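Observations on the model geometry
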Amino acid sequence: MTTEAAPSDIQVIRPSKWRGIFTQETIATSVASFIVAIAVILPLMALVVNSFLVLDDMGFDTEWGLANYSEIFKGRIIRKAFLNTLFISSMCTVLATFFGVSLAWINARTNCPWREKLEPFNLVPFFLSPFVGAIAWHNLASPKVGLLNNWARSLFGIQGHLFNVDNIFGIIWVTGIFFTPLVYLFVIGSLRRMDPSLEDSARTTGAGLWRTTMSVTLPLVTPAILSGAIIVFVTSAGEFGVPFKLGSPYGYETLTTQIFTKAVGDDANHYLGAAMSMILGVITGLFIWIQQRIIAPRAYTTVTGKGFRPNVIDLGRWKWAAFAYNLGYVFVAVALPILCLVIVSLHPVWQGRVIPNDLTSINYQKVLFFWSPNSISAATNGIKNSFILASIGASIAMLLAIVISYMIHRTKGFGSRILDFLCVVPIGFPGIVLAMGVLVTYIKTPIYATLWILLLGYITRFFPYGQRNISSIMLAVSEELDQSSRMAGATWVTTLRRITIPLLKPGIFAGWVLLFVIFLRELSISIILYTAGTETLSVGVYYLSNFENEPLTAALSVAQTVVLLLCVVIFRKVAGKEALTA
Amino acid sequence: MNAETANGSYLEVANLVKYFGDDRAVDGISFGVPQGKFLTLLGPSGCGKTTTLMCIAGLHKPDAGDIRIGSNAVASVSRGEFMPPEKRDIGMVFQSYAIWPHMTVSQNVAYPLEIRKLDRSEIDDRVREAIRLVGLEDMAEKGATQLSGGQQQRAALARAIVSHPCLLLFDEPLSNLDLKLRERMRVELKRIQHEVGITSIYVTHDQAEALVMSDDIIVMSKGRIEQTGGPHAIYARPTNRYVSNFIGIANLLEGRVTRAGGDRGEIEVAQGESRLLAPCLLAEGLAEGDAAVLSVRPENIEAVKSKPSGPAVEGEVVQTVFLGNWLDCRVRWGEFEWKVQAHPREGLRTGDKVYVCLDPDHTLAVRP
Ligand SMILES: Nc1ncnc2c1ncn2[C@@H]1O[C@H](COP(=O)(O)OP(=O)(O)O)[C@@H](O)[C@H]1O
Ligand SMILES: [Mg+2]
């Protein structure tokens, strides 16, 4: 017979009080949140504080004031740079959105021939370095030494030049084609997850294909398009490499190139740099906030979970046009730049023409063979440092990502909401802004001028990408799988080791490769935080481009590109086709 | 294993409270389960059954109250004590079965024993035994993803019992199965529980399941206990309107107690001018003059054409549904429609004038 329990009157064994507080779980999660909080908040605080410190004319003392901010809006150069940034980002967003949406639609919804074969190539620019893209396009289409212009001159007898990418439109072009995959990924994911019966039911009401696409399909993917567009805007506003290569030397400055000159070099002024970073960070942060809180929640989740393939639209003869268009994108975004770099890298000096008799591998020897006496240490150091940073950084970031995702999705306390927020914050700030914060925070500590400060900057800025990867899988994996391990007598750590992590393994590995790629090509954080000896791969490219010649730059760029392409192949193997769209 | 209190409970839950934000998912419930018994928490979805179970398992921390399993005080909020789930020696079967997809069936079942660091040979023996008990011998080396729902459920059960835990918890384990399989698994599950003899707590929203399987049932609503008792008592003697309505089908009419003596009395119900004074069994705590609800099940009502000697009211048959062994009919009495299970022999037809008469031994006055 069941009875209302009376106060128990037998001798019972009681667990220790402290055990309830100091469990493995609470210790690990507290440590992780503490690390994240410090890493994310400290640089941003330092940025705010420093932006209100004004350097006096002598450049020695500082006092509180708003002069840095008024300089941004009054100073001729900086104000121009600010307007350039807005213009470039807006136009880049338009271009990338146009390419991204049209390519996604062609690949997900039409009978464009060989689209399964082309599809992976549409994503390749996502993995490559836009800085290297700018270098390639400079060699392709700068007025004097551009390969395309030279061909045009010799083939068609054109005077002067056909193309010129050494200006704002060149920057828009290169960032536009390189950030196209950001929109493409959002939109194609949304198109693929859409329940085909939504379109079918529109068809049964008598709406034609075109009508259905416009009145059902497009509205359903609008949140995805907006999300992609905002990400492109923010990414291009924070892009340093492309404007540095195609704009700065020709008098077109942007906020990022200006921040760079304030962080290092002759007229360095960290306080003014901090204020510019604040302006850039506030703009991008606001956009990301809009995307995360307003647009992303409105995305229609029409997942049916079935392995269906939605009906495709028969384009008739136009399918060849669609195919040519897609092929054209891959050609200008991937094939042409890489081809050009390879050609340039094989010449001792680059004069804008292919000279078959001069072809040499000397450039590769100089940038790769660290043992050879005429190797360039900025390049060889950069390769070594980047591999160290990328492998260690990706590992630490993924470890952090696992613990943080676990906290957000499994612990569900108040702390988990704060953590969720802290994980979005770094996404809101361009690398160069965060790096500026890290610089002013740690410049007087021993980690400055070591690889550690780069590692810190990388992980802080990019661990949210890994965390999102893990979180999306963790959401799909039932919590009961973990809980039943605890009930079977396993501790939190054992459960993590034997159940949680094995279930997340594909996601962990995919996240690791993704971070490895990002770290291996990282430029805007490294350029602020490196010193002699701690160059990275992209800093090496920057160094060669600035202080050596184009063929050497091209050689190191090709080397970097080859490694990144290898990573793409590995990523697709481990993560499967759909991984990035999740 | 054998520590029991004077009142005979092996598991004891006292004044358990659990908040989610400002909502009280569990609102101060207390109960006990004697050793080896099968207790069911029954209630509609969202009434706090899972939360109660999770608190016992240690997967949720209670906000108030005490929980004791055997001689272990596993959670006591007032003393600030909390034993982590893995120390509690409990087997649990989840609604989704939670069979780990990256392991085979026998790896799944062996896991609790590996955690306890048993010898390999003993692990093998006990895994084989548990798998045999649930009838999955043929599937032992299959991956978890190759199993059907029913097989996953058996595997989950094997994994829960393999370590001979001191307590078994089930959270709606049959709700994902189709009806046929569910009915078979009810019996099977009960058999296995009986065979291993482990004290069990079972959560369900399905009253049939609860009635078939349980030694005792706790009916819950909104985080509170409505009634506790054996299946028979819960069905035959509900003590309040909620339980009457939730379990089985009942005619419920608001009225007033007009006579009370011991557990018998009389209840008055009325429709317009027509009044019925029905002798009945009184729920505990009802006294003369109290508002009460008349509760009577359709199978305990007779509808007859000739006026009977006992208390009865006159009504009109408004609907009949022939179901083979009985006739489901509705008899209108004022605004109220009696649900009556009549014998087909009576030959009732729509439009007939009939007398509804109640059996005093099966007519209840329950709390509103
Ligand atoms: N993790 C949780 N966070 C917030 N609210 C919860 C959580 N789990 C359950 N609840 C709420 O507590 C109440 C009881 O839930 P639950 O115990 O799951 O009910 P049952 O198992 O009886 O269907 C519900 O209102 C539910 O919404
Ligand atoms: Mg439940």
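Residues numbered from 1 in each chain as written. Chains lettered and ligands numbered in written order. Predicted model: local features only at pLDDT ≥ 70, side-chain atom pairs only at ≥ 80, totals over all residues. Heavy atoms only, no water.

A word on the overall build of chain A
To be explicit about the condition: Numbered from the N terminus, helices here are DSSP runs of H or I no shorter than four residues, and strands are runs of E no shorter than two. Note on method: radius of gyration uses C-alpha positions; expected globular size equals 2.2 Å times residues raised to 0.38. In this scheme, a residue with accessible area under 20% of its type's maximum is buried, one over 50% is exposed, and one in between is partly exposed, where area comes from a 1.4 Å probe on protein chains only. Two residues qualify as a contact provided that any one of their heavy atoms is within 4.5 Å of a heavy atom in the partner residue. Areas reported as accessible are Shrake-Rupley estimates using a 1.4 Å probe. Residue values count occlusion only from the protein chains shown. None of His or the chain ends enter the tally, which takes Lys and Arg as positive and Asp and Glu as negative. Taken as the charge location is NZ of Lys, CZ of Arg, CG of Asp or CD of Glu.
When helices and strands are counted, chain A shows 23 helices and two strands. Taken over C-alpha atoms, the radius of gyration comes to 26 Å for chain A, in line with the 25 Å a tight globule of 582 residues would show. For chain A, the C-alpha atoms occupy an extent of roughly 105 × 75 × 50 Å along the three principal directions. For chain A, the proportion of its 582 residues judged to be buried stands at 57%. The contacts in chain A between residues at least 6 apart in sequence include a share of 77% that link residues at least 24 apart. For chain A, the computed accessible surface area is about 25400 Å², with 67% contributed by carbon and sulfur atoms. Looking at charge distribution, chain A has the averaged site of its 41 positive side-chain charges lying 8 Å from that of its 29 negative ones.

Some thoughts on the confidence of the model for chain B
Residues and elements named next belong to chain B. Put simply, the rule reads: A score from 0 to 100, pLDDT tells how confident the predictor is in each residue.
Confidence in the prediction for chain B averages 90 pLDDT; 98% of positions are at 70 or higher. Note on residues 1-6: pLDDT is under 50 here. Beyond four places in sequence and across chains, it has 19 contacts. Prediction confidence for the complex, expressed as pTM and ipTM, is 0.79 and 0.78 respectively.

Observations regarding the sheet that holds strand β6 (residues 81-82) of chain B
All names here are of chain B. Selection rule: Strand pairing follows a simple DSSP-based rule, namely that at least 2 bridges must link the two strands. Here an axis means a line fitted to C-alpha atoms, over the contact stretch when the element is a helix, while the angle between two N-to-C directions is reported on a 0 to 180 degree scale.
Reading across the sheet, the five strands line up as β2-β1-β4-β5-β6 and stay open at both edges, with antiparallel pairing between neighbours. Whereas interior strands pair on both sides, the edge strands pair on one side only; in this sheet they are β2 (23-33) and β6. The sheet contacts of helix α1 (residues 49-57) involve β1 (11-20), β2 and β4 (64-69), and relative to β1 the element is tilted by about 115 degrees.

Details of the packing of aromatic side chains
Rules: The aromatic pairing rule takes the rings of Phe, Tyr and Trp, using the six-membered ring of Trp, and pairs them if the centres are within 6.5 Å, calling planes under 30 degrees apart stacked, those over 60 edge-to-face and the rest tilted. Any Lys NZ or Arg CZ found within 6 Å of a ring centre and within 35 degrees of that ring's normal is scored as a charge over the ring.
Enumeration according to the criterion identifies 34 aromatic pairs over all chains in this entry. With 5.2 Å between their ring centres and 50 degrees between their planes, Tyr543(A) and Phe547(A) make a pair best called tilted. With Tyr543(A) and Phe547(A) both in helix α22 (residues 537-547) and four residues apart, the pair spans about one turn of that helix. Using a relative accessible area of 29% as the deciding quantity, one classes Tyr543(A) as partly exposed. Judged by relative accessible area, which is 52%, Phe547(A) ranks as exposed. The ring of Phe82(B) carries Arg88(B) above its face, with NZ or CZ at 4.9 Å from the centroid.

What to know about the domain arrangement of chain A
All names here are of chain A. Put simply, the rule reads: For the domain bounds, the source is a domain assignment made automatically or taken from a database. Throughout, the accessible surface (probe 1.4 Å) given up by two parts as they are put together, summed over both, is called the buried area. Salt bridges, as used here, are contacts in which a Lys or Arg side-chain nitrogen is within 4 Å of a carboxyl oxygen on Asp or Glu. What qualifies as a polar contact is a pair of N or O atoms within 3.5 Å, subject to a donor-acceptor requirement within protein and to the restriction that residues adjacent in sequence count only when both atoms come from side chains.
We note that the domain assignment places domain 1 (43-55 + 64-301 + 320-355) and domain 2 (361-582) within chain A. At the boundary of domain 1 with domain 2, total buried surface from both sides reaches about 4400 Å², with 75% on carbon and sulfur atoms. For domain 1, the biggest contributors to the area lost against domain 2 are Pro-43, Phe-127 and Ser-345; these three give 15% of the whole. In this structure, Lys-245 engages Glu-550 in a salt bridge whose closest nitrogen and oxygen atoms are separated by 2.8 Å. Our count for the contact surface shared by domain 1 and domain 2 stands at 11 residue pairs in polar contact (both at pLDDT 80 or more). Of all the secondary structure elements, the ones that give two or more residues to the side of domain 1 that touches domain 2 are α1 (24-51), α4 (115-127), α5 (130-141), α7 (168-193), α10 (241-246), α11 (255-263), α12 (270-295) and α13 (318-345).

Observations concerning the site of ligand 1
Residues and elements named next belong to chain B. Cut-off, in case you're wondering: We call a residue near a molecule or strand whenever a single non-hydrogen atom of that residue lies within 4 Å of it. Ten residue types, Ala, Val, Leu, Ile, Met, Phe, Trp, Tyr, Cys and Pro, are classed as nonpolar, four, Asp, Glu, Lys and Arg, as charged, and the remainder, Gly among them, as polar.
Taken together, Phe-20, Ala-25, Pro-44, Ser-45, Gly-46, Cys-47, Gly-48, Lys-49, Thr-50 and Thr-51 make up the full set of residues adjacent to ligand 1. Gly-46 places a polar main-chain atom, nitrogen or oxygen, 2.6 Å from an oxygen atom of ligand 1. In this structure, an oxygen atom belonging to ligand 1 sits 3.1 Å away from a main-chain N or O atom of Gly-48. Calculation on ligand 1 without its partners gives an accessible area of 560 Å², and the protein chains cover 60% of this total. It is α1 that contributes the most residues to the shell around ligand 1, three residues altogether. Partitioning the shell around ligand 1 into residue classes produces four nonpolar, five polar and one charged.

Brief notes about the pattern of salt bridges
Across all of its chains, the model carries 27 salt bridges over all chains by this definition. Measuring nitrogen to oxygen at the nearest pair gives 3.7 Å for the salt bridge that ties Asp125(B) to Arg128(B). Here Asp125(B) pairs with Arg128(B), and both are found in helix α3 (residues 120-133), just three residues apart, close to one helical turn. Given a relative accessible area of 56%, Arg128(B) falls into the exposed group. Residue Arg191(B) pairs with Glu188(B) through a salt bridge whose shortest N-O separation is 3.7 Å. Here the residue Arg191(B) and the residue Glu188(B) both occupy positions in helix α5 (residues 179-196), the gap between them amounting to three residues, near one helical turn. For Arg191(B), a relative accessible area of 36% gives the class partly exposed. Three or more residues joined by partner-sharing salt bridges are found here, namely Arg498(A), Glu114(B), Arg120(B) and Asp124(B).

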